[in-house]
Amino acid sequence: MDAILTEGGGYAAVTGERGEYVGTVQMEQIMATITEIREAQDTTPTGSAG
């Protein structure tokens, strides 16, 4: 995903494979999703118990 920060802060313009404008995404939502993924990885068991 190619994104360019736009004026107004907090949003990024999203472009497709050929550089065409697809829409916008809220940066706060991206950060919240990254946080959720990291937290899920932290609680994933690794290795064997015992």
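Residues numbered from 1 in each chain as written. Predicted model: local features only at pLDDT ≥ 70, side-chain atom pairs only at ≥ 80, totals over all residues. Heavy atoms only, no water.

### Quick word on the overall build of the protein chain
Turning to step 1, where the next piece is worked out: Helices and strands together make up the secondary structure of the protein chain, namely one helix and three strands.
Turning to step 2, where the next piece is worked out: Across the protein chain, helices and strands are ordered from the amino to the carboxyl terminus as β-β-β-α.
Turning to step 3, where the next piece is worked out: By the burial criterion, 12% of the 50 residues in the protein chain qualify as buried.
Turning to step 4, where the next piece is worked out: A separation threshold of at least 6 residues defines the contact pool for the protein chain, and within that pool the share at least 24 residues apart is 3%.
Turning to step 5, where the next piece is worked out: Accessible area of the protein chain: about 4,400 Å², with a carbon and sulfur share of 53%. (Helix = DSSP H or I, 4+ residues; strand = E, 2+ residues; numbered from the N terminus. Buried < 20%, exposed > 50% of the residue type's maximum accessible area, 1.4 Å probe, protein only. Contact = heavy atoms within 4.5 Å. Areas by Shrake-Rupley, 256 points an atom, 1.4 Å probe, with all protein chains shown as cover.)

### Some words on the pairing of strand S2 (residues 11-15)
Turning to step 1, where the next piece is worked out: Burial runs high along S2: four of the five residues are buried.
Turning to step 2, where the next piece is worked out: Taken together, the five bridges between S2 and strand S3 (residues 21-26) define a ladder with antiparallel strand orientation. By the bridge assignment for S3, Ala13 is matched with Thr24. (Pairing = 2+ DSSP bridges.)

### Description of the confidence of the model for the protein chain
Turning to step 1, where the next piece is worked out: Averaged over every residue, the pLDDT of the protein chain is 79; residues scoring 70 or more account for 68%.
Turning to step 2, where the next piece is worked out: Taken element by element, the predicted model of the protein chain shows its lowest mean pLDDT in strand S1 (residues 2-5) (48) and its highest in S3 (92). (pLDDT = per-residue confidence, 0-100.)

### A few points about the environment of Val25
Turning to step 1, where the next piece is worked out: Mapped onto the elements, Val25 comes out in strand S3.
Turning to step 2, where the next piece is worked out: Taking the C-alpha atoms as reference, Val25 lies 5.4 Å from Ala12; in sequence the two are 13 residues apart.
Turning to step 3, where the next piece is worked out: Beyond its immediate sequence surroundings of up to four residues, Val25 is in contact with Gly10, Tyr11, Ala12, Val14 and Ile30.

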